Amino acid sequence: MTLPAPQWLDTDLYPFDRAVHDVAGHRVHVVDHGTGPTLLLLHGNPTWSFVWSGVITELAPDHRCVAPDLPGFGMSQAPAGFDGRAESIADVLAELVLAMDLRDVVLVVQDWGGPIGLSLAQRMPDRFRGLVIGNTWAWPITGDPHFERFSALLGGRVGAWLIRRLNLVVRGLIPAGHRRRRPTRAEMRHYRHALGTPDRRQASAVLPREIVAAAPFLARVEAGLATLRTLPALLIWADRDIAFRRTELERWQRELPDARTVELPGAGHYLQSDAPQEFAAAVRAFVAQDLGAAVGTARDEEARA
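Okay, so let's go over this structure. It should be emphasised that the depicted structure is a prediction, and the values quoted were computed from it without experimental measurement.

### Observations concerning the packing of aromatic side chains
Each aromatic ring pair is summarised here by two numbers: the centre-to-centre distance and the angle between the ring planes.
Alright, step 1. Per the counting criterion, the structure on display carries eleven aromatic pairs.
Alright, step 2. Relative to F16, the ring of Y14 has its centre 5.4 Å away and its plane inclined at 75°; by these criteria the two rings are edge-to-face. You'll find Y14 and F16 in the same group, each marked buried.
Alright, step 3. Their ring planes at 35° and their centres at 6.1 Å tell us that Y14 and F50 sit as a pair that is tilted. Taken together, the positions of Y14 in the segment before β1 (18–23) and F50 in the loop between β3 (38–42) and α1 (53–59) put the pair 36 residues apart, joining distant regions of the chain.
Alright, step 4. In this structure Y14 comes out as buried when scored by relative accessible area, which is 1%.
Alright, step 5. Since its relative accessible area comes to 5%, F50 is described here as buried.

### Examining the pairing of strand β6 (residues 128–133)
Alright, step 1. For β6, a buried count of five out of six residues is recorded, marking the element as mostly surrounded by other parts of the structure.
Alright, step 2. Examined bridge by bridge, strand β5 (residues 105–109) and β6 share five bridges and lie parallel to one another. By the bridge assignment, V109 is partnered in β6 with I133.
Alright, step 3. Looking at chain direction, β6 and strand β7 (residues 233–238) are connected through three bridges and run parallel. Its bridge partner being in β7, V132 is matched across the sheet by L234.

### A word on the nonpolar core
Alright, step 1. The biggest cluster of nonpolar side chains holds 95 residues, and the ones touching the most others in it are L118 and W252.
Alright, step 2. Top contributing element to this core by residue count: helix α2 (residues 86–100), with nine residues.

### Digging into the environment of E278
Alright, step 1. Looking at where E278 falls in the secondary structure, it is placed in helix α12 (residues 276–304).
Alright, step 2. E278 gets classed as partly exposed once you look at its relative accessible area, which sits at 38%.
Alright, step 3. Sequence-distant contacts of E278, that is, excluding residues within four places in its chain, are made with R180 and L264.
Alright, step 4. Within polar-contact distance, the side chain of E278 engages the side chain of R180 at 2.3 Å.

### Considerations on the pattern of salt bridges
Alright, step 1. Per the counting criterion, the structure on display carries 18 salt bridges.
Alright, step 2. Here D91 makes a salt bridge to R123, at a shortest N to O gap of 2.8 Å. Taken together, the residues D91 in helix α2 and R123 in helix α3 (residues 113–123) connect sequence positions 32 residues apart.
Alright, step 3. Judged by relative accessible area, D91 falls into the partly exposed class, the value being 36%.
Alright, step 4. Put simply, E222, R229, R251 and E255 are held in one network by salt bridges that share partners.

### Some remarks on the layout of surface pockets
Alright, step 1. By volume, the largest pocket is sized at about 350 Å³.
Alright, step 2. Together, 18 residues line the largest pocket, and D111, F150, L173, I211 and A243 are the ones closest to its centre.
Alright, step 3. Broken down by secondary-structure element, the contributors of at least two residues to the lining of the largest pocket are α4 (145–155), α6 (168–176) and α8 (202–213).
Alright, step 4. Of all the elements, α4 adds the most residues to the lining of the largest pocket, at four residues.
Alright, step 5. When grouped by side-chain class, the residues that make up the lining of the largest pocket number 14 nonpolar, three polar and one charged.

Rules of the game
- Residues numbered from 1 in each chain as written.
- Predicted model: local features only at pLDDT ≥ 70, side-chain atom pairs only at ≥ 80, totals over all residues.
- Heavy atoms only, no water.
- Phe/Tyr/Trp six-rings, centres within 6.5 Å; stacked < 30°, edge-to-face > 60°.
- Buried < 20%, exposed > 50% of the residue type's maximum accessible area, 1.4 Å probe, protein only.
- Helix = DSSP H or I, 4+ residues; strand = E, 2+ residues; numbered from the N terminus.
- Pairing = 2+ DSSP bridges.
- Core = buried A, V, L, I, M, F, W, Y, C linked by side-chain atoms within 4.5 Å.
- Contact = heavy atoms within 4.5 Å.
- Polar contact = N/O pair within 3.5 Å; in protein donor to acceptor, adjacent residues only side chain to side chain.
- Salt bridge = Lys/Arg side-chain N within 4 Å of Asp/Glu carboxyl O.
- 1 Å grid on protein atoms, 1.4 Å probe; cavity = no way out; pocket = protein on both sides within 12 Å on 5 of 7 lines; lining within 4 Å.
- Points joined across faces, edges and corners; volume = space filled by probe spheres on them.
- Nonpolar A, V, L, I, M, F, W, Y, C, P; charged D, E, K, R; others polar.

Pasting the structure below:
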């Protein structure tokens, strides 16, 4: 589908097929590009589907890449009064999965995309066939000073004001979240324009507080992790992340003991943008090998039955 592009969008940097879906009172902008196994790519704060551009370019020749802008981010439009909480975002995305009738989905997540996306897989397990987990988490972090300090700093009244008025998270965290390379001026313009007004930054200002405040939602996601252990899983981990440490990787390895791990030395928090070729290569190998083997095993079992 051809959609009009805002003046600030460079379609050479973002040359993908796009659509808009009206769900739950939201207009959700979605990249839906390529053919092949379906990948649902979920971003976090303060990025949008643009952060997956390098990965989509690599994978679209033989994968269907579905990358929504979370409500309140990118080119998605949230209704007036939308609270921007993680669970509210997950509710909208659940409606989107149903509206698009996505099936046999490989979930690919990073940052807030992790707990949000994993909650979807728990709600509708029949629609998901594999997990690719980048730097993220899926459990309450109450009592961990590393996260509580960050949440208090940016999630408090002053931090939220700075995010809304000065676009602080975009201007500060996106450069800090790249360690192998520096985002170009053109890339930074796309992140700034996507959250170009204080009203557009509502969800971006709420999510830092949600790191602590969303503990009940995160506890439910944590409780459901055991139900996902039957799905083939891949962990892709950047070791120079400003947010998620080796502590979180080791927790994931305990939660998903059969998952393979691919580490990206020197990459930062936005690893899908910092090391897109390696990220995409790991996803491609996982879909071809791990998921291919899982499908073959299932067919053999059906034949024996």
